[in-house]
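Listed here are the chains, written in short residue letters.
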Amino acid sequence: MSNRRDKSVNELESPATDVEVEMPQRHILVKCPGCRRIIDQEQLHANMDVCPRCGHHLRVSGRDRLKITVDEGNFQEWDAELAVTDFLNFPGYATKLDTARAKTGDPDAVVCGRGTVGGHDCVLFFMDHKFMMGSMGSVVGEKICRCFERATDLGLPVVGFTVSGGARMQEGLMSLMQMAKVSAAVRRHSEAGLLYLAVLTDPTTGGVTASFAMEADIALAEPGALIGFAGPRVIEQTTHKKLPAGFQRSEFLLDHGFVDMIVERSKMKATIAELLSLHEGVAPGADAPHAIAHESASDGHGLGELVAEPLKHVLDLLPNGRGETASDASGQGIEPTAYEIIRNTRSTDRATSLDLMEAMLDGFVELHGDRLYGEDPAVVAGIGWRGERILTVIGIERGRNTKDRIRRNFGMANPEGYRKARRLMEQAEKFGRPVVCFIDTSGAYCGIGAEERGQGDAIAQNLVVMSGLRVPIVSAVVGEGGSGGALALGVADRVLMLGSAAYSVVSPEACASILWKDTEHAPDAAQALHLTAKDLSKLGLIDEVVDDSGADAQEVSSRLATAIDDYLDELSPLSADELVGRRYDKFRAMGGNRLCSIS
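Residues numbered from 1 in each chain as written. Predicted model: local features only at pLDDT ≥ 70, side-chain atom pairs only at ≥ 80, totals over all residues. Heavy atoms only, no water.

**Student:** Looking at this structure, how should I read the overall build of the protein?
**Tutor:** Looking only at helices and strands, the protein has 21 helices and 19 strands in total. Going through the 599 residues of the protein one by one, you find that 53% of them count as buried. Contacts in the protein between residues at least 24 apart in sequence constitute 71% of all its contacts with a sequence separation of at least 6. Total accessible area on the protein stands at roughly 25,900 Å², and carbon and sulfur atoms take up 52% of it. (Helix = DSSP H or I, 4+ residues; strand = E, 2+ residues; numbered from the N terminus. Buried < 20%, exposed > 50% of the residue type's maximum accessible area, 1.4 Å probe, protein only. Contact = heavy atoms within 4.5 Å. Areas by Shrake-Rupley, 256 points an atom, 1.4 Å probe, with all protein chains shown as cover.)

In structure tokens, the structure reads:
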């Protein structure tokens, strides 16, 4: 009998497996698949089966994951007795089932039940690679489907650990139908406003990837996990090309927008507990260990620890960006010109959206990806909290230094950034969280790739979604607000501007180039566009100007936070219909009172 019969559809070959060698002194040694070094099994087990030398995450069984994830003594197993029969009389299947059951002590490849993680009640399922590589047959599909159904009835979130080679061939088309069956249960659970958190482990492939593994509100992944639909060997045989290093690994998925974050096994339980807490509407306390790593998808440099302390690396937020007012020969303050204001919004000395977010929030969990194409570092988005208020926070980030600005494309977002923002806004609506946006961009990126991937569509869809979002939205222009790229985060119940910020239909340079055929007229264009906070407030386009003159960054963030808090206090009691109706009326009125009839 061919060994291929053990393998499910689209199962991926592991690059290496752990090898156990029993020594005369009864010590068991394991060869790490990552660094190929020998490790004592007891030491490895004490380190949660993560190589202490290279950090490679070895595979662990479903029940071992249960032990390291669920609070001790707080798990009630469901449907433990469910077992499949060889209903197709598939050659060798009965023998394979007997072998897998003897090896794992379980009737099939998933353990399901109800338990607590860090004290938070939830429904959980743990798939097991040791049972026919976690292949999905009718029992796996039935048990996971029941998890979502019971979670919906109980009003509980679902936390699922996926590992699978795909649909189980030995059950024919019945195994494929489990994809549709579980997906329907996931939809009903989601429509009840409940959280589904998936943890993708090595390997998560085939029909599991193409169904419930990719349907979660938040998707976590272990480092280096193989995640994909078709296996690497199948792809290479089909395309006749050798795949690049790291293809289909967790890090690849993060860069391409399909997972929210990569979490090490040692931090997984605390991460899940914190996310469950946030979705219960409870901000983690000051003493709670913040296990979330705020790395960016590209190079690991990201938010770091968020603390509400003075930002020592940021100079005062004043129009000239140097912490001092302009003055004439007599020492009297001079009002900066419109062009001076917009040039100073681009200064590297100026606090960025991320700086203000860090100063304002007590904590922040950054989420990544648009679930379509990629991760855009120009848009920072996630769940933040301030006091007891949980928020969805989205900001366009220029970057703090030259290297960071290049990585973030100088705050010029691609379609992936706007789609990530929209994904997080829709999540905010599902879970009833207010949305706060920080705007600082010269405009959406106007590159060939951005056009190919639908830049205009991405912005347009944001405008539609924001106009009808059934939770409060407050947006703040904290630097430059450029064209549709800024408006894509600006359709809000209340729009604030820092006094030193600018907001315009087009950049002064582009306006001068189009109308004067000469960018030297940019100062004239800036003045004519009336792009300052003071001008826009007079036009009724801005709800409030937050004075940032003569204040350091911490004071400015405090003033901005107070204004945002006040507006959220005002908006929160309104019903969803009232919010949407008033938002429509607000934007419907813009420009209407400036019209006249020509006889």
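**Student:** Please explain the packing of helix H4 (residues 138–154) against helix H5 (residues 173–191) as it appears in this structure.
**Tutor:** Any two packed helices are characterised by the angle at which their axes cross and by the distance between the axes. It is the contact of H4 with H5, at a shortest axis distance of 9 Å, that shows an interaxial angle of 10 degrees. Judged on the interaxial angle alone, H5 and H4 are roughly parallel. Between H4 and H5, the residues in contact are Ser138, Gly141, Glu142, Ile144, Cys145, Phe148, Ala151 and Thr152 and Met174, Gln178, Lys181, Val182, Ala185, Val186, Arg188 and His189, respectively. Grouping the amino acids of the contact of H4 with H5 by side-chain chemistry returns eight nonpolar, five polar and three charged. (Axes fitted to C-alpha atoms, helices over the stretch in contact; angles between N-to-C directions. Parallel < 35°, antiparallel > 145°, perpendicular 65-115°, else oblique. Nonpolar A, V, L, I, M, F, W, Y, C, P; charged D, E, K, R; others polar.)

**Student:** Even after reading the chapter, I still don't get the side chain of lysine 143, so can you show me in this structure?
**Tutor:** Its location among the elements puts lysine 143 in helix H4. Once you skip the residues sitting within four places of it in the chain, lysine 143 turns out to touch Trp78, Asp79, Ala80, Leu82, Val110, Val111 and Cys112.

**Student:** Even after reading the chapter, I still don't get the packing of aromatic side chains, so can you show me in this structure?
**Tutor:** The description of two aromatic rings rests on the distance between their centres and on the angle between their planes. All chains considered together, the criterion is met by six aromatic pairs. Both rings, one in phenylalanine 75 and one in phenylalanine 126, keep their centres 6.5 Å apart while their planes meet at 70 degrees; by these two values the pair is edge-to-face. Linking phenylalanine 75 in strand E4 (residues 75–78) with phenylalanine 126 in strand E6 (residues 120–127), this pair joins segments that are 51 residues apart in sequence. Phenylalanine 75 gets classed as partly exposed once you look at its relative accessible area, which sits at 23%. In this structure phenylalanine 126 comes out as buried when scored by relative accessible area, which is 0%. Ring plane angle 20 degrees and centroid distance 5.1 Å describe the contact between phenylalanine 126 and phenylalanine 161, whose orientation is recorded as stacked. In this pair, phenylalanine 126 is assigned in strand E6 and phenylalanine 161 in strand E7 (residues 158–164), connecting sequence segments 35 residues apart. Using a relative accessible area of 2% as the deciding quantity, one classes phenylalanine 161 as buried. The structure contains a cluster of three or more aromatic residues connected by ring pairs, namely Phe125, Phe148, Tyr196 and Phe212. Here the basic side chain of arginine 150 rests over the ring of tryptophan 78, its NZ or CZ set 5.0 Å away from the ring centre. Positioned above the aromatic ring of phenylalanine 587, the side-chain terminus of lysine 586 is 5.8 Å from the ring centre. (Phe/Tyr/Trp six-rings, centres within 6.5 Å; stacked < 30°, edge-to-face > 60°. Lys NZ or Arg CZ within 6 Å of the ring centre and 35° of its normal.)

**Student:** Which parts of the structure should I look at to understand the environment of glutamate 570?
**Tutor:** Residue position: glutamate 570 is located in helix H20 (residues 553–571). Glutamate 570 gets classed as partly exposed once you look at its relative accessible area, which sits at 38%. C-alpha separation for the pair glutamate 570 and proline 472, spaced 98 residues apart in sequence, amounts to 9.5 Å.

**Student:** What is the right way to read the nonpolar core from this model?
**Tutor:** Side chains of a nonpolar character, in soluble globular proteins, are inclined to be buried together. Core analysis: the biggest nonpolar cluster contains 92 residues, and Leu220, Ile272, Ile394, Phe438 and Leu560 have the highest contact counts within it. What leucine 220 contacts, discounting residues up to four positions off in sequence, is Leu197, Ala198, Val199, Leu200, Met261, Val263, Met268, Thr271, Ile272 and Leu275. The next biggest cluster of nonpolar side chains, apart from the first, holds 44 residues, and it includes Val140, Cys147, Leu156 and Ala216. (Core = buried A, V, L, I, M, F, W, Y, C linked by side-chain atoms within 4.5 Å.)

The quantities given are spatial measurements derived from coordinates; they are silent on function.
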